[in-house]
Amino acid sequence: MKRFTRGFRGRGQATRDSRLPPGQYDVGSAWPVLTAEATPKLSTETWTFKIRGLVEQPTTWSWDEIHAFAQSTFEGDIHCVTTWSKLGVKFSGVSVDTLLAAARPLPTATHVLALGYTGYTTNLPLQDVTGGKAWVVWDYEGSPLPVEHGGPARMIVPHLYFWKSAKWVSGMELQDHNEPGFWERNGYHDHGDPWLEQRYQGD
Amino acid sequence: MATVVDVRAETSHAKTFRLALPHPSIHLAGQHYIVRLTAPDGYTASRSYSVASPPDGSAEIELTVELLPDGEVSSFLHEVVMPGDTLEVRGPIGGWFVWRGDTPALLVGGGSGVVPLMAMLRLARRTGRSDLVRLVVSARSPGDLYYAGELPGPETTIVYTRAAPPSWPRPVGRLNGGDLPAPITPDATAYVCGTPGFADAATGLLTDATIATNRIRVERFGPTR
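What you see as residue numbers is a count from 1 along each chain, following the sequence as written. Following the order in which they are written, the chains are lettered starting with A and the ligands numbered starting with 1. Confidence filtering applies because this is a predicted model: local features only for residues at pLDDT of at least 70, side-chain atom pairs given and counted only at 80 or more, and all residues used for totals across whole chains, interfaces and linings.

1. Considering the overall build of chain B
Consideration 1: In this description a helix means any DSSP run of H or I spanning at least four residues, a strand means any run of E spanning at least two, and both kinds are numbered starting from the N terminus. For chain B, the helix and strand inventory stands at 3 helices and 11 strands.
Consideration 2: Seen in sequence order, chain B has helices and strands lined up from the N terminus as β-β-β-β-β-α-β-β-α-β-β-β-α-β.
Consideration 3: Taken along the three principal axes of its C-alpha coordinates, chain B extends 55 × 35 × 35 Å.
Consideration 4: Of all 225 residues assigned to chain B, the portion counted as buried reaches 46%. To sort residues by exposure, count the other C-beta atoms lying within 10 Å of each residue's C-beta; 20 or more gives buried, 12 or fewer gives exposed, and values between give partly exposed, all with C-beta atoms placed from the backbone.

Below you can see the structure in the form of structure tokens.
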């Protein structure tokens, strides 16, 4: 039998949006900022994005070089493990598929570790960043991505909890094993599927 | 499941809930617990709340909850929950914003951001290691200061931003570099907790005071924009 909390009915369930995964609420127009580190000051003059590890062609792109790729846009919803979701957002940048096509993963590559300028890392199976599921973005709703949200550029992997979307991203390392990243070493789930409520280790 | 054993007001907008767990808590100072509410129809809502009580081997923990406008969970906790109720909790969570009690620590909190830092201060005092800790807390007014009866001490600095008690030595105003304790040991880790605006301002002051950014741990909360 499911135990319920005395007196709790919840709010607005009749109109609960089907885009909200279990345990999430809609923050509306707000966009909470949650980071574990000091916000870095990065210049697009010196910014680079690097793919290294198990690829045929390790590559580093400058700000201008990465902008030369065909632009790709994500429109949809993002879900933070702290239980807010933000519905109907739009990010633009470049698809990770495009970058990987240039770097050419080796057949042994199974995972990526996304790397941030602050030392932040987060681990993802390769299949979660390929097939139109991940982007490096610098544009939010038609404007430059604000620094507190990871600007000048961040990754987004919106089908997973948003800590998997590294702010201030500096690159990706392709690996043949799963190496837990920053939050994954600190109690959070390795995969982070919001529809399965994979929030913490053991979920 | 945890049983609520005590509820007390910290300010007009903050209450501390003392919870009895089925087993001793293994939390570290700075960690949080998740509180999950379940409606009869299965709808659930969960939020994270920092533990204010220090690790002490007991099976009771204290969570201090700020009442947020339109806060589905915080308003329920404030308005409905009373001693004797049971709450589903999960934790402790978080392995980054923690202080283990044996290294120099500079704690900087704004408003309800003092809660996880209070667990650290309490740990330091309980173990006789107050020498390791300096706490700077920013509050809007005396009525907004959490733990007002307990927090003041030789290791703490209180900054009021809008209104101060009569004859308070420091003029009201935002946290500034002069409020940071000196000297700060170069190997201290700084723990900053507050709103994003507060956290950014405080980390700016710390880096101006030559604290390396990799020695600053930040916990931000609250909506922005």
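Here the narrative resumes, following the displayed structure.
2. A look at the domain arrangement of chain B
All names here are of chain B.
Consideration 1: All domain edges in this entry derive from an automatic or database-based domain assignment. Segmentation of chain B into domains returns domain 1 (2-93) and domain 2 (105-220).
Consideration 2: Between domain 1 and domain 2, the C-alpha centre-to-centre distance is 24 Å.
Consideration 3: The contact criterion used is a C-beta to C-beta distance within 7 Å, with each C-beta placed from the backbone. Between domain 1 and domain 2, the residue contacts involve 15 residues of the former and 14 residues of the latter.
Consideration 4: Among the elements of the structure, β1 (2-11) and β5 (60-66) are those that each provide at least two residues to the side of domain 1 that touches domain 2.

3. Brief notes about the interface of chain B and chain A
Consideration 1: Residue-level contacts link 35 residues of chain B with 32 residues of chain A.
Consideration 2: Among the elements that take part in the side of chain B that touches chain A, strand β4 (residues 44-50) of chain B stands out by supplying 5 residues, more than any other.
Consideration 3: The classification used treats Ala, Val, Leu, Ile, Met, Phe, Trp, Tyr, Cys and Pro as nonpolar, Asp, Glu, Lys and Arg as charged, and all other residues, Gly among them, as polar. Looking at the side of chain B that touches chain A, its residues break down into 14 nonpolar, 13 polar and 8 charged.

4. Some remarks on the nonpolar core
Consideration 1: Core analysis: the biggest nonpolar cluster contains 67 residues, and Leu63, Leu107, Leu117, Met120, Ala190, Tyr191 and Val192 of chain B have the highest contact counts within it.
Consideration 2: With near-sequence residues (within four places) excluded, Leu63 of chain B lies in contact with Phe17, Leu19, Tyr33, Tyr49, Val51 and Ala52 of chain B.
Consideration 3: By size, the runner-up hydrophobic cluster in this structure holds 43 residues, among which are Val94, Ala103, Val129 and Leu174 of chain A. For our purposes the nonpolar core covers buried Ala, Val, Leu, Ile, Met, Phe, Trp, Tyr and Cys residues that link as a set through C-beta atoms within 7 Å.

5. Points about the pairing of strand β5 (residues 84-95) of chain A
The two faces of a sheet get side chains in turn, since along a regular strand they alternate between them.
Residue and element names in this part refer to chain A.
Consideration 1: Strand direction decides the pairing type here: strand β1 (residues 25-26) and β5, joined by 2 bridges, are parallel. Bridge pairing in β5 places Tyr25 opposite Trp84.
Consideration 2: Each pair of strands is called paired provided DSSP finds at least two bridges between the two strands. Bridge count between strand β4 (residues 72-79) and β5: 7 bridges; the pairing is antiparallel. Bridge pairing in β5 links His79 to Ser85.
Consideration 3: Between β4 and the antiparallel strand that follows it, β5, lie 4 residues; Thr83 among them carries a positive phi value of about 90 degrees.
Consideration 4: One ladder, built from 5 bridges, connects β5 with strand β8 (residues 135-140); its direction is antiparallel. Each bridged residue has a counterpart across the sheet, and for Gly93 the counterpart in β8 is Val137.

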